[in-house]
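# Coordinates in review
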Amino acid sequence: MTTPQQTSPATYIRAGQMESSYTAADAAPLPVGERIQALDVLRGVAVAGILFANVLVFFGLTFMPPDRAAALPSVAADRVALFLEHVFVDGKFYSIFSLLFGIGFGAQLARRGDAALPRFKRRLRILLAIGAIHAFLIWAGDILMLYALLGFTMPWFARKSRRELVRWTVILLAIPTAIYLVALAAWMVTGSGGAPTAAGSGAMPPKMLAYFEGIGTGGIKDAFIGNLVFLGGRWADLFATVRFPKVLGMFVLGLWTVRTGIALSPEDRRATLVRWCKLGWGIGLPANLIATWAFEQWSYLPPSIGGLLGTAMQGVGIPMLAIGYATTVALLVVDGRRFISAFAPVGRMALTNYLMHSIICVVLSYGFGFALWWRTGASRAMAIAAAIIVVQIPLSAWWLSRFRFGPVEWIWRRLTYGRPV
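Quick look at the structure, then.

### What to know about the pattern of salt bridges
Within the structure shown, the criterion is met by four salt bridges. Note that Asp40 is salt-bridged to Arg35, the shortest N-O span being 2.7 Å. We classify Asp40 as buried; its relative accessible area is 3%. A single network of salt bridges, built from pairs that share partners, joins Arg35, Asp40 and Arg43.

Right under this line is the structure:
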């Protein structure tokens, strides 16, 4: 049998040999005993971390006028919570989830070979539809559509060698800093650049602000309209912050970890995990501290030297700290630390849990629910996120003790294979 580290790109893709139908064996779920525990646990940790990042948006903190934020009763605690979120949470967990997406693609190729490609593309189309429903009807901060769209590029990367995958990972992750550098140079050459802009000095136009205020005070119609406005801003922000290559770079890195055998046999690569853990924390944590400090002093836009420093440090720090987190979790699993395995059920139904975050938090925050929008500071929002995760851990274990899949995972598989699963 070919081991993951011996698999060549040619093994993954052979033109004209892709199957167009799915057998019963294809549709059968991987037995629990054959699942890679470290990946399930890491997926559970990642979806929990994503909630800690998203909860600030769920309760409107990213849109809250400064005077409203200053009037909250927990200002000092909120400042600490925001600082910790920027250093330890922001960007790290969607990077881990992106890494896992690439690993999932590589694992499908390793398991099914050429037959995995049409199935993978069908899964992406269904994921795109799920993401669109989520984004337009529930919460505009959806990441699923972005993952699905970028996922269609992965068969092209599957043709690359391991060395080329590393090169593409570096290039993709460096693109945001390179673009920012070009934008800064153009800003300075054209004479547009003046004095550096202090962080937080920008203000949302009053008309736009009214839509966001309506989310927290109005009914379902106001929430729907506000969500559409938010959706437009969300995708504009994805372009402005050059999110696409950041996500794709971690996809490609995930594929590389499958090729090298790290992802599929972590217990056999403990020394490698330890080395990357030290590098991830040693480089990632200082870089994120510098980036957080920089963006507390200067805004991201318009371009500035301080913004360039923050962008460059994020470009290095976010993926490296994400790697530090991922390898730490993998080592805990490999070393048999039982407490971390509690996240495995959460990871096995990660899509369901991710969507449940939106439903729960929208009900808590929006005007047609408990109307906590703009009434909840960062520290309280983080506490709510922790409470949700604490509930989801046993709930996921309970569900999977009775069913093979989470409910949304079941729908996803059913639509993928076109047969009962």
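### Quick look at the packing of aromatic side chains
Aromatic ring pairs are reported here in terms of the distance separating the ring centres and the angle at which the planes meet. Counted according to the given criterion, the structure contains 27 aromatic pairs. With 4.3 Å between their ring centres and 20 degrees between their planes, Phe63 and Phe212 make a pair best called stacked. Of this pair, Phe63 sits in the loop between α3 (37–58) and α4 (66–70) while Phe212 sits in helix α11 (residues 206–217), and the two are 149 residues apart along the sequence. In terms of burial, Phe63 and Phe212 fall into one category: buried.

### Topic: the environment of Arg123
Structurally, Arg123 is set in helix α7 (residues 116–137). On a C-alpha basis, the gap between Arg123 and Gly151 in space is 9.9 Å, while along the polypeptide they are 28 residues apart. With residues near it in sequence (within four places) discarded, Arg123 still touches Gln108, Trp412 and Thr416.

### Some details on the side chain of Arg259
Tracing the sequence through the fold places Arg259 in helix α13 (residues 243–260). In this structure, Arg259 is buried with no salt-bridge partner, the nearest side chain bearing the opposite charge being Glu164 at 7.3 Å. Within polar-contact distance, the side chain of Arg259 engages the backbone oxygen of Lys160 at 2.7 Å.

### Here's the deal with the side chain of Ser358
With respect to the helices, strands and loops of the structure, Ser358 is situated in helix α17 (residues 350–365). A polar atom in the side chain of Ser358 sits 2.7 Å from the side chain of His134. Ignoring sequence-local partners within four residues, the contact set of Ser358 consists of Phe58, His134, Ile138 and Trp139.

### Observations regarding a positive patch on the surface
The grouping of Lys121, Arg122, Arg125 and Arg159 at the surface amounts to a positive patch. Relative to the assigned elements, Arg122 resides in helix α7. Under the relative-accessibility criterion, Arg122 is labelled partly exposed at 31%.

### Here we look at a nonpolar patch on the surface
A grouping of Ile133, Phe136, Leu137, Met208, Tyr211, Phe224, Ile225 and Leu228 is seen on the molecular surface, where their side chains present a nonpolar patch of about 700 Å² in accessible area. Mapped onto the nonpolar patch, the elements with two or more residues apiece are α7, α11 and α12 (220–240). Positionally, Ile133 belongs in helix α7. On the basis of relative accessibility, which here comes to 49%, the residue Ile133 falls in the partly exposed class.

### Considering unusual backbone geometry
Residue Pro302 is reached from Leu301 by a cis peptide bond, and omega for that bond is 0 degrees. Of note, Pro302 is situated in the loop between α14 (270–297) and α15 (305–334). We note that Val242 has phi near 55 degrees; this positive angle belongs to a residue other than glycine. Relative to the helices and strands, Val242 resides in the loop between α12 and α13. Phi at Trp374 takes a positive value of approximately 65 degrees, unusual for a residue other than glycine. Relative to the helices and strands, Trp374 is located in the loop between α17 and α18 (378–400).

What counts and how
- The residue numbers shown here count from 1 along each chain, following its written sequence.
- Whole-chain, interface and lining totals are the exception, using all residues; otherwise, since this is a predicted model, local features are given only for residues with pLDDT of at least 70 and side-chain atom pairs are given and counted only at 80 or more.
- Working from all heavy atoms in the structure, the side-chain values ignore hydrogens and water.
- We define a salt bridge as a side-chain nitrogen of Lys or Arg found within 4 Å of a carboxyl oxygen belonging to Asp or Glu.
- In this scheme, a residue with accessible area under 20% of its type's maximum is buried, one over 50% is exposed, and one in between is partly exposed, where area comes from a 1.4 Å probe on protein chains only.
- Think of it this way: a Phe, Tyr or Trp ring, Trp meaning its six-membered ring, pairs with another when their centres are within 6.5 Å, and the plane angle makes it stacked under 30 degrees, edge-to-face over 60, tilted otherwise.
- Strands here mean DSSP runs of E at least two residues long; helices mean DSSP runs of H or I at least four residues long; both are numbered from the N terminus.
- Should any heavy atoms of two residues lie within 4.5 Å, those residues are considered in contact.
- Charge counting treats Lys and Arg as positive and Asp and Glu as negative, with His and both chain ends excluded.
- The term polar contact refers here to a pair of N or O atoms within 3.5 Å; inside protein, the definition further demands a hydrogen-donor-capable atom paired with an acceptor-capable atom, and it admits residues adjacent in sequence only when both atoms are side-chain atoms.
- Like-charged residues are merged into a patch within 9 Å and nonpolar side chains (Val, Leu, Ile, Met, Phe, Trp, Tyr) within 5 Å, provided each residue has over 30% relative accessible area and no salt bridge.
- Per-residue and other accessible areas were derived by the Shrake-Rupley procedure at a 1.4 Å probe size, with only the shown protein chains allowed to occlude residues.
- Working definition for charges: the position is that of NZ of Lys, CZ of Arg, CG of Asp or CD of Glu.

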